[in-house]
Amino acid sequence: MLHTVAKLHYVEEMSQVDIARQLGVSTATISRLLQRARAEGIVRIEVIDLATPEDITRQLVDGLKLRDAAVVETPAAGALTALSAPLGALLRQAQLVAGSVVAIGWGRAVREVIRAGLPRMPGVLTVAATGGMQQHAAHFQVNEFVRLAAEEFGGTPHFIHAPYLPSSELRDVFLGDATIRDAVGLWDRTDVAIVGIGLPHAINPPEASAATPTEQALVHAAGDVLRHYFDAEGALMAWEGESRMIAMSPAQLRAVPLVIGVAASPEKATAIIGAVRSGLINTLVTDTKTAQAILAVLATR
């Protein structure tokens, strides 16, 4: 009887009144039987301690050996927009001043956090971290992100009016242009970079990432930052376009004091781990679902 009553109430989710009616006993009898079921261990009720965003942040910093991280509770909608506030807090902590340089990458997360708003930092210089892409999709418009970020900061934008992947010959021509050369020169004195983290092409359709056939062939890539591809352990993966890209190099990214990766998707857990291990980012802004997925992957290794 104890097992039957417990199963009807806790598994079938029947009310005590309905169970009493079905078994032909009083509701008080059902209540006593349920109490006995718990007392005798037939039913075990467990209250799970939920980790707070602050707890998860500490675990991420320790597990990934990050310089810093910020984790927000996953909202019901607008997860990427929710990353704007913690990103702003990290930027304020960086104590940027007039003349400081912020490099901006492309991607959906980068677009959304900039559109949601950045703190005022008058005189900060913003620069594209990569050349542009001949794509209509909003998340590829890197020069527009640079303009918006400068507007939010109250600073000065520096655009790169060149494609991210020209031919080798045209690359030299573009970099010979004084305006482009001056903008690219800011990469060597960048104080903060804000970048997205790309999914591997195996699960990210070509039209979503505008990847070339050679990039799509990198089947073992865990992800990319500014089209610098890496595996799950963070080892960089060579591809034919690497030498002709107009983009901050891995060495330049690793020299930046604060490279903030912004991402919110549990699917990106392995890509984020690879990005950190590659040294292409040293700080992470994400949400709790993504952070928990990262910690789950780390726990298996």
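Residues numbered from 1 in each chain as written. Predicted model: local features only at pLDDT ≥ 70, side-chain atom pairs only at ≥ 80, totals over all residues. Heavy atoms only, no water.

J.: How should the nonpolar core be read in this particular structure?
T.: Soluble globular proteins: nonpolar side chains tend toward being buried together. The biggest cluster of nonpolar side chains holds 89 residues, and the ones touching the most others in it are L91, I104, I160, I197, V225, I260 and I294. For I260, the contacting residues outside a window of four places in its chain are L87, L90, L91, V192, A193, I194, V195, T283 and V285. With eight residues, the next largest nonpolar core counts L2, V5, L33 and L34 among its residues. (Core = buried A, V, L, I, M, F, W, Y, C linked by side-chain atoms within 4.5 Å. Buried < 20%, exposed > 50% of the residue type's maximum accessible area, 1.4 Å probe, protein only. Contact = heavy atoms within 4.5 Å.)

J.: How do you make sense of the sheet that holds strand β5 (residues 192–196) when you look at a structure like this?
T.: What links the strands of a sheet is backbone hydrogen bonding, and the strands pair in either a parallel or an antiparallel sense. Pairing within the open sheet is parallel, and its seven strands lie in the order β1-β10-β9-β5-β2-β3-β4. Of all the strands in the sheet, just β1 (68–72) and β4 (156–158) have a single pairing partner and so form its edges. Ignoring strand direction, the axes of neighbouring strands in this sheet form an average angle of 20°. As judged from the five bridges shared by β5 and strand β9 (residues 258–262), these two strands associate in the parallel manner. The residue bridging A193 from the neighbouring strand is V259, located in β9. Sitting on the sheet, helix α6 (residues 108–116) touches β2 (101–104), β5 and β9, and the angle it makes with β5 is about 120°. (Pairing = 2+ DSSP bridges. Helix = DSSP H or I, 4+ residues; strand = E, 2+ residues; numbered from the N terminus. Axes fitted to C-alpha atoms, helices over the stretch in contact; angles between N-to-C directions.)

J.: Whenever I open this one, the domain arrangement of the protein chain confuses me. Can you help?
T.: A common way to express how large an interface is: the accessible area buried when the components associate. Domains assigned within the protein chain are domain 1 (1–40) and domain 2 (53–300). Each of domain 1 and domain 2 has a C-alpha centre, and the two are 56 Å apart. (Domains from an automatic or database assignment.)

J.: So what exactly am I meant to see when it comes to helix α4 (residues 53–64) here?
T.: Structurally, the α-helix is built with 3.6 residues per turn, so residues lying three or four positions apart point the same way. Between the first and last C-alpha of α4 there are 16 Å, a value that for 12 residues agrees with the 16 Å anticipated at 1.5 Å per step. Of the residues making up α4, those classed as buried are P53, I56, T57, L60 and L64. Projected down its long axis, α4 shows its buried positions confined to an angular sector of 105°, all on one face. Buried-residue contacts for α4 involve β1, α13 (269–278), β10 (283–287) and α14 (288–299). Immediately downstream of α4, the backbone of K65 shows phi near 60°, a positive value. (Expected span 1.5 Å × (residues − 1). Arc of directions from axis to C-beta.)

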